[in-house]
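Overview (structure and organization)
Take a look at the letters that make up each chain.
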Amino acid sequence: MSERAVLHVKGRVLVGAEEVRDELWVVDGRISYDRPAGARDVRTVEGWVLPGLVDAHCHVGLDAHGPVSGDVSEKQALADRDAGTLLIRDAGSPSDTRWIDDRDDLPKIIRAGRHIARTRRYIRNYAWEVEPEDLVAHVAQEARRGDGWVKLVGDWIDREVGDLSACWPRDAVRAAIAEAHRLGTRVTAHCFAEDSLRDLVEAGIDCVEHATGLTEETIPLFAERGVAIVPTLVNIATFPRLADGGETKFPRWSAHMRRLHERRYDTVGAAYDAGIPVFVGTDAGGSLPHGLVAAEVAELVTAGLPPLTALSAAAWDARRWLGRPGLEEGAPADLVVYETDPRADVRVLAAPLRVVVNGRPTA
């Protein structure tokens, strides 16, 4: 569009879950609710409008084997964009994706730096692998490299035990989270199992990824402390396949993974009922493809979240949690247009009519 070209978006603009407007205008890539004077080259988009969706657990620059090339990273970001995901919290990546910030046609990314894991206790080529005495230093390093988040690996399979177990001593976790907070950074952690959760929450963690190990004992603790979870149910669906692959060598681990999978919906539903904040994340970029945000919203509904709550977990509430604007006056015009009301049926998220990034409709 030319310098003063204008995009007119009309229909039903879902500024919030209940706040609906009839139209908005986009001038120089920014949202306005006032008709611009002297507008020319006006282009019109019509439909039901949401702020660009949020994937709060995504990995641009990563695949099942580790870091990927810039070309592959671009394809990943484009797949997310075309699915309507315009804000990503990148929950750990060994690749430098800062170049994406210079592209006005790609999603905006909030980075958590590179995963920090215990030595030989995570997927190869993914994380910094350190011992507890070096955890604080690496947290400080990634806090300075990221965009306000740091990602720990809270548990993983211990081959000597033959099952999932916590990666870090309590004192190390407490010191690391305190250092991150001192630097103004929030902390999240990968956690599948049960035994790492209490130490992490009592140490002051801000969020837990997956959180399949939540129990009747730890759910009230999360709720009391306001610790958010990002369940990544589309990833948890892979647990039976993983368990089958490890059955011969690690039967205890395989059985544990199946139990976590079997109760996944009950776990998320109980967390929501207790008042724990729940947000949408897909875990795309490891073994999963990008562009799964609609499927994850639908999974949260299956787990018992009201459809409007599940939708907000990928839209208004998610953006507030991450400190980024939605469809507000003067905000970057990142929005998605649908044929019907996504509040009535979240399945419409799988078929966006139009994606607009920084005020520019994509092809």
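Here the structure is a predicted model, which means the values were calculated and not measured.

**Notes on the layout of surface pockets**
Considered as a void within the structure, the largest pocket measures approximately 870 Å³ in volume. Together, 32 residues line the largest pocket, and Tyr122, Ile123, Trp156, Leu242 and Trp253 are the ones closest to its centre. Taken together, the elements giving at least two residues each to the lining of the largest pocket come down to strand S13 (155-158), helix H7 (239-246) and helix H8 (251-262). Each residue belonging to the lining of the largest pocket can be placed in one class, and the counts come to 13 nonpolar, ten polar and nine charged. Roughly 240 Å³ of internal volume is contained in the second largest pocket. What lines the second largest pocket is a set of 15 residues, and nearest its centre among them are Ser93, Ser95, Asp96, Gly113 and Arg114.

**Structural notes on the side chain of Glu179**
Note that Glu179 resides in helix H3 (residues 170-182). Glu179 gets classed as buried once you look at its relative accessible area, which sits at 16%. Apart from residues lying up to four places away in sequence, Glu179 is in contact with Val136 and Ala140.

**Quick word on the packing of helix H2 (residues 135-145) against H3**
The interhelical angle for the contact between H2 and H3, taken along N-to-C directions, is 25 degrees, at an axis separation of 9 Å. Of the possible angle classes, the one that applies to H2 and H3 is roughly parallel. Two packed elements cross with a definite hand, and for H2 against H3 that hand is right-handed. Taking contact as the criterion, the partners of Leu135, Val136, Val139 and Ala140 in H2 are, on H3, Ala172, Val173, Ala175, Ala176, Glu179 and Ala180.

**Quick look at empty space enclosed by the protein**
With the rule as written, the count across this model stands at one cavity of 30 Å³ or more. Within this model, the largest cavity holds a volume of roughly 40 Å³. Considering the residues around the largest cavity, the lining is formed by His210, Ala211, Thr212, Ile229, Pro231, Leu233, Arg264, Thr267 and Val268. In terms of residue count, helix H9 (residues 264-273) provides more of the lining of the largest cavity than any other element does, three residues in total. Tallied by class, residues from the lining of the largest cavity come to five nonpolar, three polar and one charged.

**So, the sheet that holds strand S8 (residues 85-90)**
Spatial ordering of the open sheet is given by S5-S8-S9, a layout of three strands whose pairing is parallel. The open sheet has two edge strands with one neighbour each: strand S5 (53-58) and strand S9 (108-111). The average angle at which neighbouring strand axes cross in this sheet is 20 degrees, direction not considered. Inspection of the sheet shows S5 paired to S8 by four bridges, in the parallel sense. Bridging from a neighbouring strand, Cys58 pairs with Asp90 of S8.

**Focus on the confidence of the model for the protein**
The predicted model of the protein has a mean per-residue pLDDT of 96, with 99% of residues at 70 or higher. For the protein, per-element mean pLDDT is lowest for strand S4 (residues 40-51), which scores 90, and highest for strand S17 (residues 228-230), which scores 99.

**What about the packing of aromatic side chains?**
Counting across every chain of the model gives six aromatic pairs. With a centroid separation of 4.8 Å and 75 degrees between ring planes, the pair formed by Phe192 and Phe239 is classed as edge-to-face. Separated by 47 residues along the polypeptide, Phe192 in the loop between strand S15 (186-191) and helix H4 (197-202) and Phe239 in helix H7 bring together distant segments of the chain. Judged by centre distance (4.1 Å) and plane angle (5 degrees), the rings of Phe279 and Trp321 are stacked.

**Describing the packing of H7 against H8**
At their nearest, the axes of H7 and H8 sit 8 Å apart, and the two run at 170 degrees to each other. With respect to their mutual orientation, H7 and H8 come out roughly antiparallel. For the pair formed by H7 and H8, the contact residues are Phe239, Pro240, Leu242, Ala243, Asp244 and Gly246 on the first element and Pro251, Trp253, Ser254, Met257, Arg258, Leu260 and His261 on the second. Grouping the constituent residues of the contact of H7 with H8 by class yields eight nonpolar, three polar and two charged.

**Observations regarding the sheet that holds S4**
On the basis of which strands lie adjacent, the open sheet formed by seven strands has the order S3-S2-S1-S4-S18-S19-S20 and mixed pairing. What marks the edges here is a single partner per strand, and that holds for strand S3 (30-32) and strand S20 (360-361). With seven bridges connecting them, strand S1 (residues 5-14) and strand S2 (residues 20-27) associate as antiparallel partners. If you follow His8 over to S2, its bridge partner there is Trp25.

**Some points on H2**
Those residues of H2 that fall on the buried side of the exposure criterion are Leu135, His138, Val139, Ala140, Glu142 and Ala143. Tucked inside the fold, the buried residues of H2 contact strand S10 (116-118), strand S11 (128-130), strand S12 (149-153) and H3.

The rules behind each value
- Positions within a chain are numbered from 1, following the residues in the order the chain's sequence is written.
- Thresholds applied to this predicted model are a pLDDT of at least 70 for local features of residues and 80 or more for the giving and counting of side-chain atom pairs; totals over whole chains, interfaces and linings are not thresholded and use all residues.
- With hydrogens and water stripped out, all remaining heavy atoms of the structure feed into the side-chain values.
- Every definition here rests on a 1 Å grid over the protein atoms only: cavities are sets of points where a 1.4 Å probe fits but cannot get out, pockets are open sets enclosed by protein on both sides within 12 Å along at least five of seven lines, and lining residues have some atom within 4 Å of a point.
- Grid points are joined across faces, edges and corners, and a volume is the space filled by probe spheres set on the points.
- To qualify as a helix, a DSSP run of H or I must reach at least 4 residues; to qualify as a strand, a run of E must reach at least 2; elements of each kind are numbered from the N terminus.
- When residue character is reported, Ala, Val, Leu, Ile, Met, Phe, Trp, Tyr, Cys and Pro are called nonpolar, Asp, Glu, Lys and Arg charged, and the others, Gly included, polar.
- To sort residues, take the accessible area from a 1.4 Å probe on protein chains only and compare it with the maximum for the residue type: under 20% means buried, over 50% means exposed, and anything in between is partly exposed.
- Whether two residues are in contact is decided by their heavy atoms: any pair within 4.5 Å suffices.
- For helices, the fitted axis covers only the stretch in contact; all axes are lines through C-alpha atoms, and the angles between them, taken along N-to-C directions, range from 0 to 180 degrees.
- Orientation labels follow simple angle bins: below 35 degrees gives roughly parallel, above 145 gives roughly antiparallel, 65 to 115 gives roughly perpendicular, and whatever is left gives oblique.
- By convention the crossing between two helices is left-handed if the near helix lies anticlockwise of the far one by an angle smaller than a right angle, and right-handed if it lies clockwise.
- For two strands to count as paired, DSSP must find a minimum of two bridges between them.
- pLDDT expresses how confident the predictor is about each individual residue, on a scale running from 0 to 100.
- The rule is short: rings of Phe, Tyr and Trp, with Trp giving its six-membered ring, pair when the centres are within 6.5 Å, and they are stacked under 30 degrees, edge-to-face over 60, tilted in between.

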